[in-house]
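Architecture at a glance
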Amino acid sequence: MAAMGEQLISFSGNGDWSEADQAARAFEQAIIESYWNKKMAEENSVHPKNSSYPC
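What counts, and at which threshold
Residues numbered from 1 in each chain as written. Predicted model: local features only at pLDDT ≥ 70, side-chain atom pairs only at ≥ 80, totals over all residues. Heavy atoms only, no water. Helix = DSSP H or I, 4+ residues; strand = E, 2+ residues; numbered from the N terminus. Areas by Shrake-Rupley, 256 points an atom, 1.4 Å probe, with all protein chains shown as cover. Patch = residues over 30% accessible without salt bridge, like charges linked within 9 Å, V, L, I, M, F, W, Y side chains within 5 Å. Salt bridge = Lys/Arg side-chain N within 4 Å of Asp/Glu carboxyl O. Buried < 20%, exposed > 50% of the residue type's maximum accessible area, 1.4 Å probe, protein only.

Let's talk about the overall build of the protein chain
Each helix and strand counted, the protein chain has two helices and zero strands in total. Looking at the protein chain as shown, the accessible area adds up to about 4,900 Å², and 56% of this sits on carbon and sulfur atoms.

Structural data, given as structure tokens:
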């Protein structure tokens, strides 16, 4: 994530911001993936797969 942050703040002297845009998209996806992984882990700890909880 730190490397992506560096890419986001780097200046493009030739006006090509495609690398920064790509880094921003990757950063956004990393945040979303982290959120869902945490949410799934929390749900699995509350309702383990082998429990009688209806899924």
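Resuming the write-up.
A short note on a nonpolar patch on the surface
Taken together, the side chains of I32, Y35 and W36 make up a nonpolar region of the molecular surface, amounting to roughly 320 Å² of accessible area. Tracing the backbone shows I32 in helix α2 (residues 18–46). By relative accessible area, I32 is classed as partly exposed at 34%.

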